[in-house]
Amino acid sequence: MKHVLIDTDAGVDDALAILLALSSRELAIEGIATVAGNIDVEHATANVLTILDAVFPPIRPSVARGAERPLNRPLVTAAHVHGEDGLGNITTLRRPDGSPKYPSSRHGLVSLGAAEFIIDEVRKHGPGLTLITLGPLTNVAEAIRLNPETMRRVGEIIIMGGAFRTYGNTSPVAEFNIFVDPDAAARIVEFDVPKTVVPLDVTEQVILTRTELECRYASNPSPILDFTRDVSSFYMDFHRDNDGFDGCYMHDPTTVAFAIDRSVLMTVPAEVHVECKGEYTAGMTVADLRPERAGRYRTNTEVAVGVDAGRVIDLFFSRLLAC
Ligand code: BDR
Ligand code: CA
């Protein structure tokens, strides 16, 4: 079993990724750190507690609150994609008696901030720890600044972020997680530990359709699928209205799927750089991925270039249905 720490900005696809992680026995989720991104860090933290209340895992991971803003620039959020609460507006849902369907959690947080919490987990598990980042990389950059020696012991970092041979989703060239804090991302790609970047090139090939989710729920109306429907409805509306399909991209669940089963993604070694200065290109991830140029660059990370989308969706449902 792999020890895992998830760092998340707790939007809708983050929630689906956390459901997948918590329901997969290959992963022991040691902790969850929150960061501002899709939504401010207060909401992101409340959302993680709500997700844990909904899943009710046998061993509840500790939660640490993280950075309120990116390292050097103002926060950009995505409430128009993930809802005002960051979780598809599930906080507005009511039971027939009028009580909130998803009330505020009564669980608390660890006393450490996210960066210190990450360092602590690396200290505990060393090379046995996989860090999965599903949001801007602010907490991880801060952990590296505070204690690079300990952070160098981490087993690996799996990063949802970037866009290489496809358009960005926040600017024409930049993916959201990298766009929000490019300075943090630039530090992580240069940090000398094993890491894999899972960009839009692959995550936009993995689509959960509303029809499939409704069919799965109709044949198995479990609480976890009910929660999945509740959180993803607003996010699916966004994709229907803006991207031309009634469903949603599974960015963050694809990243967790890779931690469970390496064979769902194909990766190549690459020299990745993050543009931090460009007037039009800030947050762009740059790498020469032409196969005929392989071997000519200094490798600083693996980049996912291919995905078995069907297997990611099958994995997602098989794990949730087994809960
Ligand atoms: C990434 O940005 C966020 O909106 C999603 O949760 C995902 O982590 C996709 O660009
Ligand atoms: Ca995310």
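This text goes with the structure placed above it.
Here the structure is a predicted model, which is why all the values come from computation and not from measurement.

What counts and how
Every chain begins its residue count from 1, and numbering advances along the sequence as written. Naming scheme: in the order in which they are written, chains are lettered from A and ligands are numbered from 1. Restriction of local features to residues with pLDDT of at least 70 applies here, the model being predicted, together with a cutoff of 80 or more for giving and counting side-chain atom pairs; totals for whole chains, interfaces and linings are based on all residues. Just so you know, side-chain values use all the structure's heavy atoms and leave hydrogens and water out. The helix and strand labels rest on DSSP assignments: H or I over at least four residues marks a helix, E over at least two residues marks a strand, and numbering proceeds from the N terminus. Strand pairing is assigned whenever DSSP detects at least two bridges linking the two strands. Interaxial angle, 0 to 180 degrees, is taken between N-to-C directions of lines fitted to C-alpha atoms, where a helix line uses only the stretch in contact. Working rule for contacts: check all heavy atoms of both residues, and any pair within 4.5 Å makes them a contact.

Asks: How should I be thinking about unusual backbone geometry in this particular structure?
Replies: Where the residue is not glycine, phi is negative for most of them; where a peptide bond is considered, it is trans in most cases. The phi dihedral of Phe56 falls on the positive side, at around 55°, and the residue is not glycine. Mapping Phe56 onto the fold places it in the loop between helix H2 (41-55) and strand E3 (62-64). For Asn89, which is not glycine, the phi torsion reads 60° and is therefore positive. Relative to the helices and strands, Asn89 resides in the loop between helix H3 (79-82) and helix H4 (114-125).

Asks: Explain the environment of Arg187 here, please?
Replies: Within the secondary structure layout, Arg187 lies in helix H8 (residues 182-190). Measuring from C-alpha to C-alpha, the distance between Arg187 and Arg145 comes to 9.3 Å, with 42 residues separating the pair along the chain.

Asks: Honestly, the sheet that holds strand E2 (residues 27-34) in this entry has me stumped. Any pointers?
Replies: Neighbouring strands of a sheet are bound in pairs by backbone hydrogen bonds; such pairs are parallel or else antiparallel. The 8 strands lie next to each other as E3-E2-E1-E4-E5-E6-E12-E9, forming an open sheet whose pairing is mixed. Taken across any chain shown, the strands that pair with only one partner, and hence form the sheet edges, are E3 and strand E9 (265-270). Shown here is a sheet whose adjacent strand axes are inclined to one another by a mean of 25°, direction ignored. Taken together, the 7 bridges between strand E1 (residues 2-8) and E2 define a ladder with parallel strand orientation. Pairing of Thr8 across the sheet is with Thr34, part of E2. Of the strands in this sheet, E1, E2 and E3 touch H2, which is tilted by about 150° from E2. Strands E1, E2, E3 and strand E4 (129-133) of the sheet are contacted by H4, whose axis makes an angle of about 155° with E2.

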